[in-house]
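Each chain, written out:
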Amino acid sequence: MPLVAVAHGSRDPRAAATVEAVLDQVRQARPDLPVRVAYLDHCRPTLAEALAGLDEAVVLPLLLTEAYHSRVDIPSGLREIQAARPTLRVRQGGTLGPHPLMFAALERRLAEAGVPAGDPDTAVVLVSAGSSDPAANATITAMAAEWARTGWHSVTAAYASAADPTPEQAVQALLGADPAGRPRRVAVALYLLAPGHFADKARRTALAAGAHTVTAPLGPTPELASILLERYATT
């Protein structure tokens, strides 16, 4: 059954290129599996276009947290398509995150930036895009709390939009703490799939606030490919 991965979409061409790189890793891991991409906004193909010519498919949100797009936009889009094509068989799976392998992917990006995993002298700011859905933001808070138990000085959730603290606020709070509890360094880990407005803004404001390093977005990693294939197998 073909896999159709649904990404948010962006006017920034780096985002679509990153999505294709992520899916290329899935194709390399499973060359027998037909893999297509769809976008919710700004890019093509649309979900209807990606499903054209298929009799069945597993639709997976290429999104890092469950929020409005995965709970409302994709299901409503599928209902509309299936109303026009009653014989189309579609199963929708869950979002990429949260998942235990996400921590490995984040630590991969931190290691590339020179930050060893679980360094007790490093405070990590975990930055997501942010959402108007409190439950989605609470998921990031819970991820930060879980990740903090692996040896870091601390892990703080922050949001690039729609919620506080912002990356800048989180970095300032850590560096302005009492000297006895202040971390030696602050590293910002971008819990974002691809480069774009949010990643650029988070990097700029966090570094201006005094962060020692900001990771690249998650992008193509073996961990994300494994998560996608796991979601596919269990849908």
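These figures come from a predicted structure and were not determined experimentally.

Participant: Report on the nonpolar core, specifying residues and quantitative values.
Facilitator: Counting residues in each nonpolar core, the largest one holds 45 residues, and the members touching the most others are M102, L126, W147 and Y191. The element contributing the most residues to this core is helix α8 (residues 222-234), with 6 residues. Beyond its immediate sequence surroundings of up to four residues, Y191 is in contact with L64, T65, G97, P98, M102, L106, L126, V127, S128, I140, M143 and L218. V171, L190, L192 and A199 belong to the second largest nonpolar core, which has 18 residues in total.

Participant: Explain the packing of aromatic side chains to me, using residue names and the numbers behind them.
Facilitator: Per the counting criterion, the structure on display carries 2 aromatic pairs. By the ring-pair criterion, three or more aromatic residues cluster together here, those being F103, W147 and W152.

Participant: Lay out the pairing of strand β2 (residues 35-39) with the relevant residues and their values.
Facilitator: With respect to burial, β2 is a largely interior element, 4 of its 5 residues being buried. Bridging between strand β1 (residues 3-7) and β2 involves 5 bridges; their strand directions are parallel. If you follow A5 over to β2, its bridge partner there is V37. The parallel pair β1 and β2, bridged by helix α1 (residues 13-29), forms a crossover whose chirality is right-handed.

Participant: Please set out the layout of surface pockets residue by residue, giving values where relevant.
Facilitator: In this model, the largest pocket occupies a volume close to 870 Å³. In terms of lining residues, the largest pocket is bounded by 36 residues, among which H8, L63, A129, L192 and F198 are the most central. Counting residues per element, the ones that place at least two in the lining of the largest pocket are α1, α3 (68-84), α5 (134-148) and α7 (197-209). Considering only residue class, the lining of the largest pocket consists of 20 nonpolar, 14 polar and 2 charged.

Participant: Describe the environment of S226, naming the residues involved and giving the relevant values.
Facilitator: Position of S226 among the secondary structure elements: in helix α8. Along the primary structure S226 and L101 are separated by 125 residues, whereas in three dimensions their C-alpha atoms are 8.4 Å apart.

Participant: Tell me what's going on with the packing of helix α4 (residues 101-112) against α5, and back it up with residues and numbers.
Facilitator: For the pair α4 and α5, interaxial distance at closest approach is 11 Å and the crossing angle is 70°. When the axes of α4 and α5 are compared, the pair comes out roughly perpendicular. Between α4 and α5, the residues in contact are M102, F103, L106, E107 and L110 and M143, E146 and W147, respectively. Its residues assigned to classes, the contact of α4 with α5 shows 6 nonpolar, no polar and 2 charged.

Participant: Explain the sheet that holds β1 residue by residue, including any values.
Facilitator: Overall, parallel pairing links the 4 strands, which are arranged β2-β1-β3-β4 in an open sheet. At either margin of the open sheet sits one strand with a lone partner, and together these are β2 and β4 (89-92). Averaged over neighbouring strand pairs, the angle between their axes works out to 25° when direction is ignored. Seen against the sheet, α3 touches β1, β3 (56-61) and β4 and runs at an angle of roughly 175° to β4.

Participant: Talk me through unusual backbone geometry; I want residue IDs and the actual numbers.
Facilitator: Most peptide bonds take the trans form, and the phi angle of most residues other than glycine is negative. Cis peptide bonds are those with omega within 30 degrees of zero, and the linkage from R44 to P45 qualifies with 10°. With respect to the secondary-structure elements, P45 resides in the loop between β2 and α2 (47-51). Cis geometry is found at the peptide bond from D164 to P165, where omega equals 0°. Mapped onto the elements of the fold, P165 is located in the loop between β6 (154-159) and α6 (167-175). Even without being glycine, H42 reaches a positive phi, approximately 75°. Among the structural elements, H42 can be located in the loop between β2 and α2. Notably, A162 is not glycine yet its phi reads approximately 70°, a positive angle.

Cut-offs used in this document
- Residues numbered from 1 in each chain as written.
- Predicted model: local features only at pLDDT ≥ 70, side-chain atom pairs only at ≥ 80, totals over all residues.
- Heavy atoms only, no water.
- Core = buried A, V, L, I, M, F, W, Y, C linked by side-chain atoms within 4.5 Å.
- Buried < 20%, exposed > 50% of the residue type's maximum accessible area, 1.4 Å probe, protein only.
- Helix = DSSP H or I, 4+ residues; strand = E, 2+ residues; numbered from the N terminus.
- Contact = heavy atoms within 4.5 Å.
- Phe/Tyr/Trp six-rings, centres within 6.5 Å; stacked < 30°, edge-to-face > 60°.
- Pairing = 2+ DSSP bridges.
- Right-handed = clockwise from strand over helix to strand, strands pointing away.
- 1 Å grid on protein atoms, 1.4 Å probe; cavity = no way out; pocket = protein on both sides within 12 Å on 5 of 7 lines; lining within 4 Å.
- Points joined across faces, edges and corners; volume = space filled by probe spheres on them.
- Nonpolar A, V, L, I, M, F, W, Y, C, P; charged D, E, K, R; others polar.
- Axes fitted to C-alpha atoms, helices over the stretch in contact; angles between N-to-C directions.
- Parallel < 35°, antiparallel > 145°, perpendicular 65-115°, else oblique.

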